[in-house]
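# Inside the fold
So the chains spell out like this:
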Amino acid sequence: MSDRTARLAVAALLTALWLTPFLRALNRVFVLNFSTAGPNATGLLTLTLVTGWTIPALARVADRRRAWHGSVALAVGGLLVSLAGGTLVSLAGAVVFLTAATPPLVALAGDLRERFAVAAAFGVLGHAALRGVLDTLPPYATRGGQVLLVALGLTAVAGWWLATRESTPTASDLAAPGAATATAFLFAQVTFLGVAPRVALWDGRPMLVVLGATPFGLLGGAALVTQRGVPDRRETAVWAVVFLLALASLLLLPGPGVAALPAATASVLLCARGCRTGATTPARAGLGTAGVQVVALALTFAVVAAMNWAFVPGLGPLVRDQQAELLLVLGALLTLAVLLRERPLAGTGDAVADGPGGADDGAAAADVAADRRALLAATGVGLLGVGGAAARRATPADGPEADTVDALTLNVHQWVDARGRYNLDAVRDLVAGTDAGLVGLQETAGGRLTAGGLDGVRWLARELGMHAAVGPPTRIASYGVALLSKWPVREERWVVLPSTDTATRVALAAVVESPLGDLPVVVAHLETEGAVRVGQAERVVELAGETGDPDRAVVLGDFNATPDERPYTVLTDAFVDPWAGVGSEGDTYSASDPRRRIDYAFVGRGWDHEPGAVVGSPSVSDHLGVSVRLRRPPE
């Protein structure tokens, strides 16, 4: 394997790894500011993700081989530390990786020039394949994913050693005019385009369509760069329009998600244009990289604030319901970085400003041949990811015949436990242990940037062999609700509950074809306080009646109201609380110190039932769950 091919592979590996710790860092900052407390000073830790300063810093010692090897070793060491469970330690590890990996990535961009776009496309493809093999989960969410991350990190170290056996990068490689463009490309991918579950869940698109469109778009862009080189200025303008229109379609319009293909293709071509040969200094490259990072992080924070506006005083209400527009602007940073890249080259006589040439014919032919081999390998990786996800699709078995049906409600705390760690395995084990046939879940908001684009409902449904009805798409910026069932689900729909100036709350209604007959099921999550909860409870009662016979209904949820509050009375006027009359040990919040009963499994008056039971622990969620067993009433 030639040094050039090895450097292409290392650039792809570092790109694939970069996306994962970046999402991990955002998740940790989010946990510190929203899961365990309100917005606080720890949000300033986001500034540690501005790593452009490392480019001129390393340029001062770029003639020392140890500096380069140490940077890559430190990056992988940070990756290993980021696997720790502790929020701050894990965040620190992710930041170390991103900081130490920046100079090698920029140096590779300076060395590979437009071919860095090919490597970066392969890296995003590798990240997508990793997610596909892991059933679209973030690698940090499972033990298997963590093992794969360690393997990729060690492979990156070995690849770096192979790529730099003869010579390490130089300060001139760090003077890469395309550093800002490469950074903008990474942000476009990590915040939206490169995370297929995020694109799919944004507007309820079929997962496999997006998982197929994104890799083939990346491969298409890489193939065009390999065959034709850098697009000229006119072609660049066309691809910029394609990119923006496709991204706008994904963010603002409903559809199957095929727009991910042209968006991914255009992003690679724009990256190639911005990374072509040119001249600058490490200081300017670092300034450009830091500038893109500052703007991108500010927009990213604004997206998070728009999704959680009710909890971000000052900024939140200003950006309320603007998450799609902010993501569009964030993605458009790539186009802006390319356009700004044009200005310094104007009048410099750069031989490759408008074409694919500029290299020796023999060397160019060798590079193209190497790229073609890499393209074939990347195609296999892409197919592996799509195939892995397809093989892991939920295939529910026929629900068992039974004389009873167990129903469970559980607030899953946006897929982190009371300590801020991913709780997927714990939730699965709890549901499996209760043998519940109906499971109402709250705080299931999938695809969120801060959750790493997690689709926990899809994963649970596959793991448990259950049917799933998913609540609102991510763009609604609600906490999210969902229903799992051992039996087929039909007529599902979600509604926005009445609200004042608070975060969006929703309810999901569906009919379950249970062995006890058709069951109207409603899953809801009410506001935390205020009179608005009365109107929300009344809407839940209406929704149960609209879905079927309310005497046969099952209503599951986090209702954020204790038995001495009016919303509870509204619900018990229509339904039965199986816990009533069996004692006071039914508190569900918080899981670590239960003092309030706010989670309920209500049932229609036509059912015979057993007393309710509280299940769970802080290792599952910050709420305890409630289960109830239904029987046919005696004749």
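Residues numbered from 1 in each chain as written. Predicted model: local features only at pLDDT ≥ 70, side-chain atom pairs only at ≥ 80, totals over all residues. Heavy atoms only, no water.

## Details of the overall build of the protein chain
Regarding its fold elements, the protein chain presents 20 helices and 12 strands. Counting contacts in the protein chain only where the partners sit at least 6 residues apart, residues at least 24 apart contribute 78% of the total. Of the accessible surface of the protein chain, which amounts to about 23100 Å², a share of 60% is contributed by carbon and sulfur atoms. (Helix = DSSP H or I, 4+ residues; strand = E, 2+ residues; numbered from the N terminus. Contact = heavy atoms within 4.5 Å. Areas by Shrake-Rupley, 256 points an atom, 1.4 Å probe, with all protein chains shown as cover.)

## A closer look at the packing of helix α8 (residues 179-193) against helix α13 (residues 282-307)
Their axes nearest at 8 Å, the elements α8 and α13 cross at an angle of 20°. Judged by the angle between their axes, α8 and α13 are roughly parallel. Pair α8 / α13 crosses with right-handed handedness. Contacts from Ala179, Ala180, Thr183, Ala184, Phe187 and Thr191 in α8 reach Ala285, Gly288, Thr289, Val292, Gln293, Ala296, Leu297 and Thr300 in α13. When grouped by side-chain class, the residues that make up the contact of α8 with α13 number eight nonpolar, six polar and no charged. (Axes fitted to C-alpha atoms, helices over the stretch in contact; angles between N-to-C directions. Parallel < 35°, antiparallel > 145°, perpendicular 65-115°, else oblique. Left-handed = near helix turned anticlockwise from the far one by under 90°. Nonpolar A, V, L, I, M, F, W, Y, C, P; charged D, E, K, R; others polar.)

## Observations regarding the side chain of serine 627
With respect to the helices, strands and loops of the structure, serine 627 is situated in strand β12 (residues 625-631). Among the residues examined, serine 627 registers a relative accessible area of 16% and is labelled buried. In this view, serine 627 contacts Ala407, Leu408, Gly612, Ala613 and Val615; residues no more than four positions away in its chain are not counted. (Buried < 20%, exposed > 50% of the residue type's maximum accessible area, 1.4 Å probe, protein only.)

## Observations regarding the side chain of serine 90
By the element assignment, serine 90 lies in helix α4 (residues 87-112). Assessed through its relative accessible area of 0%, serine 90 is described here as buried. Residues in contact with serine 90, not counting those within four places in the same chain, are Arg24, Arg28, Val81, Ser82 and Ala84.

## Regarding the pattern of salt bridges
Where side chains of opposite charge bring their charged atoms close, a pairing between them can arise. With the rule as written, the count across this model stands at 25 salt bridges. For aspartate 425, the salt bridge goes to arginine 428, with nearest N and O atoms at 3.5 Å. Note that aspartate 425 and arginine 428 are positioned in helix α17 (residues 424-434) at a spacing of three residues, about one turn of the helix. (Salt bridge = Lys/Arg side-chain N within 4 Å of Asp/Glu carboxyl O.)

## What to know about the pairing of strand β9 (residues 599-603)
Of all five residues that make up β9, five are buried, and the element is covered over most of its length. The two faces of β9 match: Asp599, Ala601 and Val603 on one face and Tyr600 and Phe602 on the other face are all buried. Pairing geometry for strand β8 (residues 554-558) and β9, over five bridges, is antiparallel. Note that in β9 the partner of valine 555 across the bridge is phenylalanine 602. (Pairing = 2+ DSSP bridges.)

## A closer look at the environment of valine 210
As for its placement among the helices and strands, valine 210 is situated in helix α10 (residues 207-228). With relative accessibility at 0%, the residue valine 210 sits in the buried group. Through-space distance from the C-alpha of valine 210 to that of alanine 196 is 5.9 Å; in sequence the pair is 14 residues apart. Excluding its chain neighbours within four sequence positions, the residues that come into contact with valine 210 are Ala196, Val199, Ala200, Arg205, Pro215, Pro256 and Gly257.

## Considering the confidence of the model for the protein chain
Mean pLDDT for the protein chain: 89, with 90% of residues reaching 70 or above. At the level of individual helices and strands, the protein chain shows its lowest average pLDDT in helix α16 (residues 361-391), which scores 61, and its highest in strand β2 (residues 438-442), which scores 98. Per-residue pLDDT stays below 50 along residues 345-363; that stretch engages in 21 contacts with residues further than four places along the chain or on separate chains. (pLDDT = per-residue confidence, 0-100.)

## Brief notes about α10
In this model, α10 (22 residues) spans 32 Å end to end at C-alpha, consistent with the 32 Å of a helix rising 1.5 Å per residue. Immediately downstream of α10, the backbone of glycine 229 shows phi near 80°, a positive value. (Expected span 1.5 Å × (residues − 1).)

## A few points about the packing of aromatic side chains
Between two aromatic rings, the relevant description is the distance of the centres plus the angle of the planes. Taken as a whole and assessed by the stated rule, the structure comprises 11 aromatic pairs. Pairing phenylalanine 22 with phenylalanine 187 gives two aromatic rings, centres 5.2 Å apart and planes at 80°, and the pair type is edge-to-face. Of this pair, phenylalanine 22 sits in helix α1 (residues 3-35) while phenylalanine 187 sits in helix α8; the two residues are 165 residues apart in sequence, bridging distant segments of the chain. Both residues of the pair, phenylalanine 22 and phenylalanine 187, count as buried. Relative to tyrosine 600, the ring of phenylalanine 559 lies with its centre 6.2 Å away and its plane at 45°, an arrangement referred to as tilted. Note that phenylalanine 559 is positioned in the loop between β8 and α20 (566-574) and tyrosine 600 in strand β9, a separation of 41 residues in sequence. When its relative accessible area of 1% is taken as the criterion, phenylalanine 559 is described as buried. Ring pairs connect the aromatic residues Phe559, Tyr568, Tyr600 and Phe602, which therefore count as one cluster. (Phe/Tyr/Trp six-rings, centres within 6.5 Å; stacked < 30°, edge-to-face > 60°.)

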